[in-house]
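# Observations on the three-dimensional arrangement
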There are 2 protein chains.
Amino acid sequence: MSDVAKLAGVSTATVSRTLQNPETVKEETRQKVFKAIKALDYMPNVLARQLRRMETKTILVVVPNIENNVFSQIVGGIDAVANERGYKVLLGNTNHRVEKIYDYIDHFKQRQVDGMIVLLSNLPDPVLQDLANEFPIVVTPDAKATVEVSTVTLDNVESGKRATDHLLKLGHRRIAHISGTLDITSSQDRLQGYQQAIVEGGYFVDHTLIKEGDFTFSSGFEAMSALLNTSVPPTAVFCASDEMAMGAIKSIKSRGLKVPDDIAVVGFDNIKFSEVFEPTLTTMAQPLFQMGKKAMTVLIERINNEALEEQHFIYQAELIVRESCGVIFR
Amino acid sequence: MSDVAKLAGVSTATVSRTLQNPETVKEETRQKVFKAIKALDYMPNVLARQLRRMETKTILVVVPNIENNVFSQIVGGIDAVANERGYKVLLGNTNHRVEKIYDYIDHFKQRQVDGMIVLLSNLPDPVLQDLANEFPIVVTPDAKATVEVSTVTLDNVESGKRATDHLLKLGHRRIAHISGTLDITSSQDRLQGYQQAIVEGGYFVDHTLIKEGDFTFSSGFEAMSALLNTSVPPTAVFCASDEMAMGAIKSIKSRGLKVPDDIAVVGFDNIKFSEVFEPTLTTMAQPLFQMGKKAMTVLIERINNEALEEQHFIYQAELIVRESCGVIFR
DNA sequence: CCTATCGATGTAATCGATTACATCAGAAGC
DNA sequence: GCTTCTGATGTAATCGATTACATCGATAGG
């Protein structure tokens, strides 16, 4: 920078101002500086700026595993806004190992990032709370109500209810539910929505029809197999993920039964392959990209102290009707 | 840091040494320093260190779109090694817009990253060459041989050949190929492998059996539909991606034909859903996670000047035989 | 006993920008 | 004509660690 200043015949302060606050520099001087910058092919050293300003224009995204399409879609949304607003995205893959996140928390304390978006951390409440009190943090898409922190979530209760309702409306009375791991709020909420729909429909919840899965294809397969082994199997199943729904369907088919004729299935997530699978999956579509965008937007407000209180945004899932539930609208 | 120094009764230099080169500090002093660090809950400011050392311990991964499973698997591998070696991973999503990469290139010039891994950039040769001459760069999984830069690639010619060979061995003579976009080397190589297999088998390449797709489900569907509309449709198809293979199968089924009975299909990539799809897909599995790990390892060597020449690593794909080709080994 | 060497530590320059404060010329107001 | 204000620019402190060099005491060798 001093080279540029020398060549332009001004001080380094003027060079800096030309780049950061052009309006405070005379047009003529500005031109000289720009000419010198171009002549020397000068690029500011961002590290020095960051040190002085104590900001990095970088945010950290902690994700259980980036290979999972649900998370990578959210990251896509985060990245879109980050780019637009001049932020960089640092990826923190925990591979489901909770302790890994403590390494990432140090990034904060070392001022390596200005903020953080946590995707499903399983971090103990007090730890997260302490962190959120001190640093800008947004949690998505699974957040516990017990921590005061900004969140971007899905209305999982309502979504679970609407998925189940759809099956009720189609005339099903024995509707099973294969939930996600019940240690996360989203799974609990979807289960709750399922129960609400049944109760509000005037029926009783049969707990033998509820099985806990872990969102994977194979857990869906096994849960469904267990349901089929009972004396009175369900006529419909609401699964908390599309992967589990596919597993369930595979299990149903393996018994020589047909979907949706013998058993109707509704999934959750609307992953890419849900419209490729046979039968195509009726599912609750989460606006994941949108949610990622919102999470980043909220985080930036927080970083700039534009929003002092924590904010909560709740999105609605969209019911996408395809073949697996037995009705196709055109 | 000066607070720590004061409390421990030493200079800042000693504090720094205690953390960076503990062996040069007397055990007793070291203890005093550690005690002071703990008492004050001190964390070094990494920005200052970076500025002084002119290194960021951060690498940039430029990826066309992170939502694509092929890329996110490679990123997973990169991330694994990065973590192990104390590097952070900055994500650069280009969303297939080539010009976006120029923004990321500035990161280099501004010394925001120590190195870069490029996943399928479509960057013009001269630009990439200039960059590679000046900075540590690794290209994967699609690289042009015309640029001198370290690469981690798949042997796409051999892979295409083996996939096609497998179909030849099963007795097929009219084998079609649905390629990826032919502007990238991997697609050209897979096509070349396909042609080699046919020629070496003693047959002739029929160019009406070659269709260009773009790796997507729908392009596979359309390419297959076009093939089925010809007077003598193929009895087997080798697709350059699993997604296209699924599209092709959907097209075949929509004509009332059966896979593999009427037409055998082989895919490429071994994405997660290839074993869920019906029929399960025979496919060439790329060791994507491994390739990501290797790319990062090579990059680190380059950053540390351990490897002065550019290096090239070529991986082999593994043929995974499932239902869609008509033979199942147990 | 003196000097060379070494180990442990301190002093202060350094990385490269940003920015509070100082300076100065010229315009405006009285 | 003198003061005051304003706009443009320069001077130098600053961010917080790292590290070349300096210092000093102790030990070893002669």
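Criteria and cut-off values
Residues numbered from 1 in each chain as written. Chains lettered and ligands numbered in written order. Predicted model: local features only at pLDDT ≥ 70, side-chain atom pairs only at ≥ 80, totals over all residues. Heavy atoms only, no water. 1 Å grid on protein atoms, 1.4 Å probe; cavity = no way out; pocket = protein on both sides within 12 Å on 5 of 7 lines; lining within 4 Å. Points joined across faces, edges and corners; volume = space filled by probe spheres on them. Helix = DSSP H or I, 4+ residues; strand = E, 2+ residues; numbered from the N terminus. Nonpolar A, V, L, I, M, F, W, Y, C, P; charged D, E, K, R; others polar. Expected span 1.5 Å × (residues − 1). Buried < 20%, exposed > 50% of the residue type's maximum accessible area, 1.4 Å probe, protein only. Arc of directions from axis to C-beta. Contact = heavy atoms within 4.5 Å. Least-squares fit on C-alpha atoms with pLDDT ≥ 70 in both. UniProt positions renumbered as here; feature names shortened; annotations may be inferred. Near = heavy atom within 4 Å. Polar contact = N/O pair within 3.5 Å; in protein donor to acceptor, adjacent residues only side chain to side chain. Domains from an automatic or database assignment. Pairing = 2+ DSSP bridges. Buried area = accessible area lost by both parts, 1.4 Å probe. Salt bridge = Lys/Arg side-chain N within 4 Å of Asp/Glu carboxyl O. Phe/Tyr/Trp six-rings, centres within 6.5 Å; stacked < 30°, edge-to-face > 60°. Lys NZ or Arg CZ within 6 Å of the ring centre and 35° of its normal.

## Quick look at the layout of surface pockets
Empty space within the second largest pocket amounts to approximately 510 Å³. As for the second largest pocket, its lining consists of 24 residues, and the residues nearest its centre are Lys 57, Gly 86 and Lys 88 of chain A together with His 107 and Gln 112 of chain B. Looking at the lining of the second largest pocket, the elements with two or more residues in it are helix H4 (46-53), helix H5 (69-84) and strand S2 (88-93) of chain A together with strand S2 (88-93) and helix H6 (100-109) of chain B. A breakdown of the residues in the lining of the second largest pocket according to their chemical character gives 9 nonpolar, 7 polar and 8 charged.

## Observations regarding helix H3 (residues 27-40) of chain A
Residue and element names in this part refer to chain A. Given a rise of 1.5 Å per residue, 14 residues ought to cover 20 Å, and the 20 Å separating the end C-alpha atoms of H3 matches this to within 8%. Among the residues of H3, Thr 29, Val 33, Ala 36 and Ile 37 are the ones counted as buried. Considered in projection along H3, the buried side chains sweep an arc of 100° and stay on one side of the axis. Exposed and oriented more than 90 degrees from the buried face of H3 are Glu 28, Lys 35, Lys 38 and Ala 39. The inward-facing, buried residues of H3 contact helix H1 (2-8) and helix H2 (12-20).

## Remarks on the relation of the copies chain A and chain B
Put simply, the two copies of the chain differ by a rotation about an axis and a shift along that axis. Expressed as a screw operation, the relation of chain A to chain B combines 0.0 Å of axial shift with a rotation of 180°, fitting to an RMSD of 0.1 Å. The transformation relating the two chain copies, once decomposed into turn and shift, fits a two-fold axis. The position closest to the rotation axis in chain A is occupied by the C-alpha of Leu 90 of chain A, lying 2.3 Å away. The overlap is high: 100% of the interface residues of chain A also sit at the interface in chain B, so the same surface is used on both sides.

## What about the UniProt feature "domain: HTH lacI-type" (unreviewed entry) in chain A?
Under the UniProt annotation, the feature "domain: HTH lacI-type" (unreviewed entry) is placed at residues 1-53 of chain A. End C-alpha to end C-alpha, residues 1-53 of chain A measures 17 Å, and it is 72% helix and 0% strand.

## So, the protein's contact with DNA strand C
Taken together, 25 residues lie near DNA strand C, and Met 1, Ser 16 and Arg 52 of chain A together with Thr 14 and Thr 29 of chain B sit nearest. Of all DNA strand C atoms lying within 4 Å of any protein atom, the proportion belonging to sugar or phosphate reaches 65%. Residue Tyr 42 of chain A places a side-chain N or O atom 2.9 Å away from a phosphate oxygen belonging to DNA strand C. The contact in question runs from a base nitrogen of DNA strand C to an N or O atom on the side chain of Arg 17 of chain B, over 2.8 Å. Elements with a minimum of two residues in the surface near DNA strand C: H2 and H4 of chain A together with helix H2 (12-20) and helix H4 (46-53) of chain B. Here the residues of the surface near DNA strand C are counted per class, giving 11 nonpolar, 8 polar and 6 charged.

## A few points about the domain arrangement of chain A
According to the domain assignment, chain A contains domain 1 (2-44), domain 2 (55-155 + 288-317) and domain 3 (156-286 + 319-325). Placing the centre of domain 1 of chain A and that of domain 3 of chain A at their C-alpha centroids yields a distance of 64 Å.

## Some thoughts on the pairing of S2 of chain B
Within S2 of chain B, 6 of the 6 residues are buried, which leaves it mostly tucked inside the rest of the structure. Burial along S2 of chain B is two-sided: Lys 88, Leu 90 and Gly 92 of chain B facing one way and Val 89, Leu 91 and Asn 93 of chain B facing the other are all buried. Of the pairings in the sheet, the one linking S2 of chain A to S2 of chain B comprises 3 bridges and is antiparallel in character. Note on S2 of chain B: the bridge partner recorded for Leu 90 of chain A is Leu 90 of chain B.

## Quick notes on the side chain of Thr 29 of chain B
Residues and elements named next belong to chain B. Its place among the elements puts Thr 29 in helix H3 (residues 27-40). Residue Thr 29 is classed as buried on the basis of its relative accessible area of 15%. Discounting residues that sit within four places of it in the chain, Thr 29 has contacts with Val 10 and Thr 14.

## Some thoughts on the interface of chain A and chain B
Interfaces are often sized by the accessible area lost when the parts come together. Taken together, the contact pairs 47 residues of chain A with 47 residues of chain B. Summed over both sides, the interface of chain A with chain B buries roughly 4100 Å², with 61% coming from carbon and sulfur. Area buried by chain A at its contact with chain B is led by Leu 47, Glu 67 and Phe 273 of chain A, which between them contribute 15% of it. In this structure, the connection of chain A to chain B is made through 4 salt bridges. Put simply, Glu 243 of chain A and Lys 272 of chain B hold a salt bridge, and the shortest N to O gap is 2.8 Å. Inspection of the region where chain A meets chain B yields 14 residue pairs in polar contact (both at pLDDT 80 or more). At the level of elements, H4, H5, S2, helix H6 (100-109) and helix H11 (242-254) of chain A are the ones that each hand at least two residues to the side of chain A that touches chain B. The dominant element in the side of chain A that touches chain B, judged by the number of residues it contributes, is H5 of chain A, at 7 residues. Broken down by class, the residue content of the side of chain A that touches chain B amounts to 20 nonpolar, 14 polar and 13 charged.

## Some points on the pattern of salt bridges
Evaluated as defined, the whole model comprises 13 salt bridges over all chains. With a shortest N-O distance of 2.5 Å, Lys 253 of chain B and Glu 278 of chain A are connected by a salt bridge. Of this pair, Lys 253 of chain B sits in helix H11 (residues 242-254) while Glu 278 of chain A sits in the loop between strand S9 (264-269) and strand S10 (282-285), placing the two residues on different chains. For Glu 278 of chain A, a relative accessible area of 24% gives the class partly exposed. Across the salt bridge formed by Glu 27 of chain B and Arg 30 of chain B, the nearest N and O atoms sit 3.5 Å from each other. In this pair, Glu 27 of chain B and Arg 30 of chain B both sit in helix H3, 3 residues apart, roughly one turn of the helix.

## Here's the deal with the packing of aromatic side chains
One pass over the structure, following the stated rule, counts 5 aromatic pairs over all chains. Taking 4.4 Å as the distance between ring centres and 15° as the angle between the ring planes, the aromatic pair formed by Phe 108 of chain A and Phe 135 of chain A counts as stacked. In this pair, Phe 108 of chain A sits in helix H6 while Phe 135 of chain A sits in the loop between helix H7 (125-134) and strand S4 (137-140), placing the two residues 27 residues apart along the sequence. Exposure remark for Phe 108 of chain A: the relative accessible area of 1% places this residue in the buried category. Sitting above the plane of the Phe 313 of chain B ring, Lys 294 of chain B keeps its charged end 4.1 Å from the centroid.

## Here we look at the protein's contact with DNA strand D
Close to DNA strand D lie 24 residues, the nearest being Thr 14 and Thr 29 of chain A together with Ser 16, Arg 49 and Arg 52 of chain B. Sugar plus phosphate: this is where 65% of the atoms of DNA strand D within 4 Å of the protein reside. Thr 29 of chain A has a polar side-chain atom sitting 2.2 Å from a phosphate oxygen of DNA strand D. A distance of 2.6 Å separates a phosphate oxygen of DNA strand D from a polar atom in the side chain of Arg 49 of chain B. Broken down by secondary-structure element, the contributors of at least two residues to the surface near DNA strand D are H2 and H4 of chain A together with H2 and H4 of chain B. Ranked by residues supplied to the surface near DNA strand D, first place goes to H4 of chain B with 4 residues. Of the residues assigned to the surface near DNA strand D, the class counts are 11 nonpolar, 7 polar and 6 charged.

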